[in-house]
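Examining the three-dimensional arrangement
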Amino acid sequence: MNTRESNHFAFSKSTSEDARMALQNLLSTFSNTAKDAILAAIINNPNAGICITDKDGFIVAINEAFSTLSGYSKAELTGSYFTKFLPAATQKEQQLLYHKNGYKVPVFILDELLEKQAHNSYNITILTETKINGESINTHIANEKFRDIIGNAMHAFFIQSSTGAILENNDATLELFGYSAIELPQVNINELFDINSQEWQDIINTRANTGKAKGEVKAIKKNGEVFSCEIFTVAFTDKGNQQCIGNVVMDLSLIKKQAIELQQINHEMEIILDNTEEVFFVINTQLEILTFNKAAKIKTARFLNINLNKGLSFLALVPSKKQKLFANAFANLQMGKTIHTKHTFLYASEMACIYDIVFTPISDEYGNNNKFIVNARDITAEEIANREIKKSRHMIKLNERRYRALVENGADAVVILTEDAKPLYVSPSAYKILGYKEEDADHLDMFSLTHSEDIPYVIDVWQKVLENPGIPIRGYTSRILHKNGTWRWMEDTITNLLHDPSVNGIVDNFRDVTDKIEADEKLIKSFKEISDYKFALDESCIVDISDQHGTILQVNDNFVKISKYSAAEVVGKNHNIVNSGYHDKAFFENLWQTVNAGKVWRGEIRNKAKDGSLYWVDATIVPFLNEDGKPYQYLAITNDISHRKEAENALEISNERFELASKATSDAIWDWDLVSHTKHWGQGFTTLFGHTIEDHAYPYSWKEHIHPDDREEVVQSIYDAINGNGNIWNKEYRYLKYDGTYAFVHDKGLIVRNSQQKGIRMIGAINDISERKLAEQQLKELNLALSLKADELSTSNADLQAFAYIASHDLQEPLRMVTSFLDLLERKYGNKIDETSKQYIHFAVDGAERMKVLIKDLLAYSRVGTRALEIEKVNVSEVVEEIKQTLFNDFDDNKATLITENLPTYIMAGKTAFTQLLQNLVGNALKYQPPGNTPIIIITAEQQPNHWLFCVKDNGIGLDPKFYDKIFVVFQRLHNRDDYSGTGIGLAICKKIVERYNGKIWVTSTPGKGSSFYFSLPIK
């Protein structure tokens, strides 16, 4: 049953008449929107001549097919009486159509489809020639007509059997429900709608009783999505006596969403209108006031002593002399015209005000202007200010208008162009619109002035103009370069008159439509801006909404953030939840009296957050009023001003301190008002410099007493600071004292800025540093002397290091000889000498060995300072492993544990020096342990901004804090040699290595618990 042809509705010959009957019955139940959609499909049907007449028989519209059949153009037929071309006939009757050329065309009148529709009664006649390939005219036309009408309809249309099977459908049905043309015939109507709902049952019952029904129900798509729709359904019997049902379905989802959005926009617009100074009224055709904004009520009460209420005649607000004028204006409004005018009113207070008034008609869905918006803006101040200017310019403007009337051909500009778009003639108005002069004309071709983005479009239009001589190409727009460098939108009508010898060019009529296009864009954006305002408000402010009792209904994220309560914790509570107790009862009574009276309250409130912290807000509370003018909700918009309050409090304290400090100090404290250019001095100014305060109340007096060599630099620096972004200024300079001498001073000031970061105040103090300057000079001389002495010591130290190296090296040879001969003596005469002699030999050998170790350590110490400083990439982990191998026996004998934590992978130092440093510290940690203790040594590192901080920690014997410095001195020992071996040079070497790398080494210790040796090495 379901056959398809392109995108058209498909009917068989046996069912087309039944479909037509179903459609005609459905049309009687349609809303105007649905009818308009089907009428549009009828008018655009190319297969038959269509003629629409009003209730009096006059033609209001035809399609191209009717024009072709009759020989008349649309313009010739529109407004003519229908029977002039076609005598009265009954439906489906063959008739003769009178052709324009005098002959008669046999036609078949298919149908008068619609009659006496609501609001706009009109008839539609569809006709065609009587023969089409010998086929039955009635059947052929019906099939073709309804195939096009229903197939191209924007709403879903389908026919079902009495059992719910889908018999016929259009493409819109497939698109709406999401089925393919193959799937839908297999679907029962019960699968497309929520048949268990009461709404569906009501429609079925109504259709059963009356044969047709309509209503809103829930429909179900193939994917399971449920949506709202309006269904129009009618039952009919086809030629085969089969009971069928025709249905039209309209998707209401978007309409409902738009209705909700429109309701929200209207609510927000009411808030905006009630917070503007402009006056707004909405009135009906009887000039009765339907609604108004807050400004309208306030101003009518103030100036007219009238209590404004709905239903009051608008003319009651108009002086009697102007009532007739306003009544005429409203008559024009009913014709759809917008009126913009100015009027002067003398109020009861004898105050004359001038208003700029705009009257705008509001059309309903049928085009009837039954409401009007009156917007009045007080322009009294502007008019008074412009009145004198207008008088002086009146004659000039009058002469200009006369001149323009003579030289210009109207508001539109005209240029005549060659085939390659070069100008042949440019009207004066074109120069005016584009800002060019006559001498520029030769260089102003169309393409060089057109915006690059519009060039392809202009080329296409130009080609169309060239291909269609004599035919105006209308309404295309593009951007043209103005003389001032801006781009202006132009709307053009171009006609190719190259074939006309009197013109021999292409005529371009254009006008500047920039303002119109920008206005259109603003209108499009206006709805978005309203939602953006709310978004911006939520983003930038603390917002909450309360009911008429003060119960919190809604809060935004900023409220939650500053109060530290969750939204769930505050919704349903009143504002006592954030009451800090700072304000007294009278404060809140005044607040509530104001908003309950329908007025906006503004003020500053100190609140308390959930954690007990206090914060200040600058609050604006706006009441939302119901129809009775009573508040039903309150919108609180607040901003956090805690920092400002802190600053104000700090400034107050600062001022108090200034007064006290100026009395308590000998410094010259000053306070410079940058707005009034006055300077206040503390008593210290007279004490330091001997000048009277009264003679230095203005900044120029201070400038004149600065030393001439310092003055320009000092003055420039203070103004640079004031005009810059910083808050601190300080300078040292010489200042002239009353006795004629100059004092060296240090002057420091704090710049106080306003919210725009402009300096408004400067507070500072001048300190006499003459003695310090003298001391600095003496210190420079002393440093110079010390530098010379240091050079001498450096030379001496170098010589001493060289001596120590040579001496320690040369001393080892005699020691080796002493040790060797004592060893030979013991071996040769060991059996001949007594035990006492052997003990003496042992003491001598032991002393020589200790002397050898001491010389070796002294040599190592001297080498630390004489070697070239090595800087290389040292692998820390490798160094630690080498130390563990070197000290393996000590670790093994003591069962010691070495732990490393957070060590860097690499450091920049000398590997030999770093190994010696770390090994000395680890060796000491192993050595200085109490008897029987198991050593635990921990090496850690921490990265600081400019250096690595290492720590070698042990659990040894520790040391008294009074020895912290002594242990790093050469040959300083804290223990007996028999208890702990060593020469006392190891830590001195460590100190020397660290200091060579610009680091530091120190120790912290607790006796009996262990020590921690810290040293730092630069990162680079």
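Residues numbered from 1 in each chain as written. Predicted model: local features only at pLDDT ≥ 70, side-chain atom pairs only at ≥ 80, totals over all residues. Heavy atoms only, no water.

Remarks on the overall build of the chain
When helices and strands are counted, the chain shows 28 helices and 37 strands. Considering only intrachain contacts with a sequence separation of at least 6, the fraction spanning at least 24 residues in the chain is 50%. Accessible area for the chain stands at about 58,400 Å²; split by element, carbon and sulfur atoms hold 52% of it. (Helix = DSSP H or I, 4+ residues; strand = E, 2+ residues; numbered from the N terminus. Contact = heavy atoms within 4.5 Å. Areas by Shrake-Rupley, 256 points an atom, 1.4 Å probe, with all protein chains shown as cover.)

Concerning the confidence of the model for the chain
Summarising the model, the chain shows a mean pLDDT of 78, and 77% of its residues fall at 70 or more. Throughout residues 1–20 the model reports pLDDT below 50, and contacts reaching past four residues in sequence, or to other chains, amount to 59 contacts. This stretch, residues 110–120, has a pLDDT under 50; its non-local contacts, to residues over four places away or in other chains, come to 37 contacts. (pLDDT = per-residue confidence, 0-100.)

Side note on the packing of aromatic side chains
Following the criterion strictly, the structure yields 22 aromatic pairs and no others. Seen from their ring centres, Phe-685 and Tyr-735 are 6.4 Å apart, and the 65 degrees between their planes marks the pair as edge-to-face. With Phe-685 in helix H20 (residues 684–689) and Tyr-735 in strand E28 (residues 728–736), the pair connects residues that are 50 residues apart, well separated along the chain. The buried category is assigned to Phe-685, whose relative accessible area is 0%. Relative accessible area serves as the criterion here: at 0%, Tyr-735 is assigned to the buried category. Taking the centre distance of 6.4 Å and the plane angle of 75 degrees together, the rings of Trp-702 and Tyr-733 count as edge-to-face. (Phe/Tyr/Trp six-rings, centres within 6.5 Å; stacked < 30°, edge-to-face > 60°. Buried < 20%, exposed > 50% of the residue type's maximum accessible area, 1.4 Å probe, protein only.)

Some words on unusual backbone geometry
Positive phi outside glycine occurs at Leu-287, with the angle close to 65 degrees. Within the secondary structure, Leu-287 is located in the loop between strand E11 (279–284) and strand E12 (289–292).

Notes on the nonpolar core
Ranked by internal contacts, the top residues of the largest apolar core, which has 40 residues, are Ile-907, Phe-914 and Phe-1015. Within the residue set of this core, elements represented by two or more residues are helix H25 (876–886), strand E33 (906–909), helix H27 (911–927), strand E34 (936–943), strand E35 (947–953), helix H28 (986–996), strand E36 (1001–1006) and strand E37 (1010–1018). It is H27 that contributes the most residues to this core, 8 residues altogether. Judged by nonpolar contacts, the second largest core, of 25 residues, contains Val-279, Phe-314, Leu-315 and Tyr-355. (Core = buried A, V, L, I, M, F, W, Y, C linked by side-chain atoms within 4.5 Å.)

Observations regarding the sheet that holds strand E23 (residues 601–608)
Within a beta sheet, neighbouring strands are joined by backbone hydrogen bonds and run either parallel or antiparallel to one another. The 5 strands lie next to each other as E22-E21-E25-E24-E23, forming an open sheet whose pairing is antiparallel. For this open sheet the edge positions go to strand E22 (552–555) and E23, each flanked by a neighbour on one side alone. Averaged over all adjacent pairs, the angle separating strand axes in this sheet is 30 degrees, with direction ignored. Bridging between strand E21 (residues 542–547) and E22 involves 3 bridges; their strand directions are antiparallel. Bridging from a neighbouring strand, Ser-546 pairs with Ile-552 of E22. (Pairing = 2+ DSSP bridges. Axes fitted to C-alpha atoms, helices over the stretch in contact; angles between N-to-C directions.)

Observations concerning the side chain of Ser-701
As for its placement among the helices and strands, Ser-701 is situated in helix H21 (residues 699–704). Residue classification places Ser-701 among the buried positions, given a relative accessible area of 9%. Excluding anything up to four places from it in sequence, Ser-701 contacts Asp-695, His-696 and Tyr-735.

A look at the sheet that holds E34
Strand order in this open sheet of 5 strands is E32-E34-E35-E37-E36, and the pairing throughout is mixed. Either end of the sheet is taken by a strand with one partner, and the two such strands are strand E32 (897–901) and E36. In this sheet, adjacent strand axes meet at a mean angle of 15 degrees when their direction is disregarded. For E32 and E34, the ladder comprises 5 bridges, and the chain directions are parallel. Across the sheet, Thr-900 pairs through a bridge with Ile-939, a residue of E34. Together, E34, E35 and E37 form the strand contacts of H27, whose direction differs from that of E37 by roughly 175 degrees.

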